[in-house]
Amino acid sequence: MAQPAYRTAELEQFRRAFRDFVSAEITPNISEWESRGELPRSFWQAMGRYGYLCPWLEESLGGSNAEFGYSVVICEELGRTGAMGIQTAVSVHSDIAAPYIDRYAAEDLRRRWLPGCATGDIVTAIAMTEPGAGSDLAAIRTSAVLDGDDYVVNGQKTFITNGMSCDLLVLAVKTDPAAEPAHAGISLLAVEAGTPGFVKARKLDKMGQHAGDTGELFFEDCRVPRSHLLGEEGKGFRYLME
Ligand SMILES: Cc1cc2nc3c(=O)[nH]c(=O)nc-3n(C[C@H](O)[C@H](O)[C@H](O)COP(=O)(O)OP(=O)(O)OC[C@H]3O[C@@H](n4cnc5c(N)ncnc54)[C@H](O)[C@@H]3O)c2cc1C
């Protein structure tokens, strides 16, 4: 049987180095992190120190410009620990949320946020799901209404990985609730933690994946600068499906 593309000698060498890191820095702490229900910032910063966060990021922004196989190896080796909450938290940050910032944020914001994504000083999350909209993403109701130079966001998100610990959130909103088809009214905004009206309400209890936090978030007249729109208005659903 053919070897997967990420079983190269170079990636196997990387795997050995990362496995040593996991044994030294992660395995001894798993039971503590599982009982706390969240990962400490020191975990993210240790990952960042060795280049294990956002390895695909360009070097000028602090990444390694590495091929996707590196993310696969990191994901597999974190999975081997059995603490899937750690793997989910890292994958959501490195390989799901931060890439939207890389691809769709304005250049000045890419330069402001992405270096921190690589060092672990900025942890990202992505919020699509709502109490009334899971698989049916087009049914989201969180709204973003332009008012001057800001979007005013109101709504609720749930089941958000890294929701409680994130510093930066990729948020799916309806900018045009009347759009037909409904998915054409969805846009993505980047929202910084600490923005007034962005409320991290509750860490959810789960059956597993305890080391990673999963949060319920509220937006109450939360003003997000218009410049934090990711890509173009109305194209959020398409970006999420890419
Ligand atoms: C641990 C965890 C982490 C998560 N992290 C995030 C996150 O970071 N960000 C985020 O936005 N969301 C996150 N989610 C939410 C996740 O994306 C949703 O749970 C998922 O989209 C399903 O939505 P739902 O739970 O509302 O289920 P529903 O959409 O209500 O689906 C329930 C069941 O019905 C089935 N179903 C739905 N529609 C159809 C259909 N048309 N035909 C046939 N069957 C159908 C589904 O397959 C499923 O089995 C997370 C969830 C979990 C459990």
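Note that the structure is predicted; figures quoted are calculated from it, not measured.

Colleague: Please clarify how the site of the ligand should be interpreted in this entry.
Modeller: Close contacts around the ligand come from Ile126, Ala127, Met128, Thr129, Gly134, Ser135, Phe159, Ile160 and Thr161, and that covers them all. Phe159 places a polar main-chain atom, nitrogen or oxygen, 2.8 Å from a nitrogen atom of the ligand. In the complex, the protein chains occlude 40% of the 970 Å² of accessible area that the ligand would expose alone. Taken together, the elements giving at least two residues each to the shell around the ligand come down to strand E1 (124-127) and strand E3 (150-161).

Colleague: Is there a simple way to think about the nonpolar core in this case?
Modeller: Across soluble globular proteins, nonpolar side chains show a tendency to be buried alongside one another. With 31 residues, the main nonpolar core has Tyr100, Ile101, Val170, Leu188 and Leu230 as its most contacted residues. Elements that contribute at least two residues to this core include exactly helix H5 (84-104), helix H6 (107-119), strand E4 (168-174), strand E5 (186-192) and helix H7 (236-241). For this core, the element with the highest residue contribution is H5, accounting for six residues. Per-domain counts for this core show at least three residues from each of domain 1 (9-119) and domain 2 (124-241). With 26 residues, the next largest nonpolar core counts Tyr52, Leu53, Leu78 and Val123 among its residues.

Colleague: Mind showing me how you'd approach helix H1 (residues 9-26) here?
Modeller: Across its 18 residues, H1 extends 25 Å between first and last C-alpha, which sits within 8% of the 26 Å expected from 1.5 Å per residue. Of the residues making up H1, those classed as buried are Leu11, Phe14, Arg15, Phe18, Phe21, Val22 and Ile26. On an axial view of H1, the arc spanned by its buried residues comes to 125°, and they lie on one face. For H1, the exposed residues lying more than 90 degrees away from the buried face are Ala9, Gln13, Arg16, Asp20 and Ala24. Of the surrounding secondary structure, the elements contacted by the buried residues of H1 are helix H2 (30-36), helix H3 (41-49), helix H4 (68-80) and H5.

Colleague: How should I be thinking about the pattern of salt bridges in this particular structure?
Modeller: Opposite charge on two side chains allows them to pair when their charged atoms are near. Inspection of the entire model under this criterion finds 20 salt bridges. For Arg19, the salt bridge identified is with Glu77, shortest N-O distance 2.8 Å. Residue Arg19 is found in helix H1, and its partner Glu77 is found in helix H4; the two are separated by 58 residues along the sequence. Taking relative accessible area as the criterion, Arg19 reaches 34% and is therefore assigned partly exposed. Judged by its relative accessible area of 2%, Glu77 is buried. What emerges from the salt-bridge pattern is a single network uniting Arg7, Glu12, Arg15, Arg19, Glu76, Glu77 and Arg80.

Conventions and cut-offs
Residues numbered from 1 in each chain as written. Predicted model: local features only at pLDDT ≥ 70, side-chain atom pairs only at ≥ 80, totals over all residues. Heavy atoms only, no water. Near = heavy atom within 4 Å. Polar contact = N/O pair within 3.5 Å; in protein donor to acceptor, adjacent residues only side chain to side chain. Areas by Shrake-Rupley, 256 points an atom, 1.4 Å probe, with all protein chains shown as cover. Helix = DSSP H or I, 4+ residues; strand = E, 2+ residues; numbered from the N terminus. Core = buried A, V, L, I, M, F, W, Y, C linked by side-chain atoms within 4.5 Å. Buried < 20%, exposed > 50% of the residue type's maximum accessible area, 1.4 Å probe, protein only. Domains from an automatic or database assignment. Expected span 1.5 Å × (residues − 1). Arc of directions from axis to C-beta. Contact = heavy atoms within 4.5 Å. Salt bridge = Lys/Arg side-chain N within 4 Å of Asp/Glu carboxyl O.

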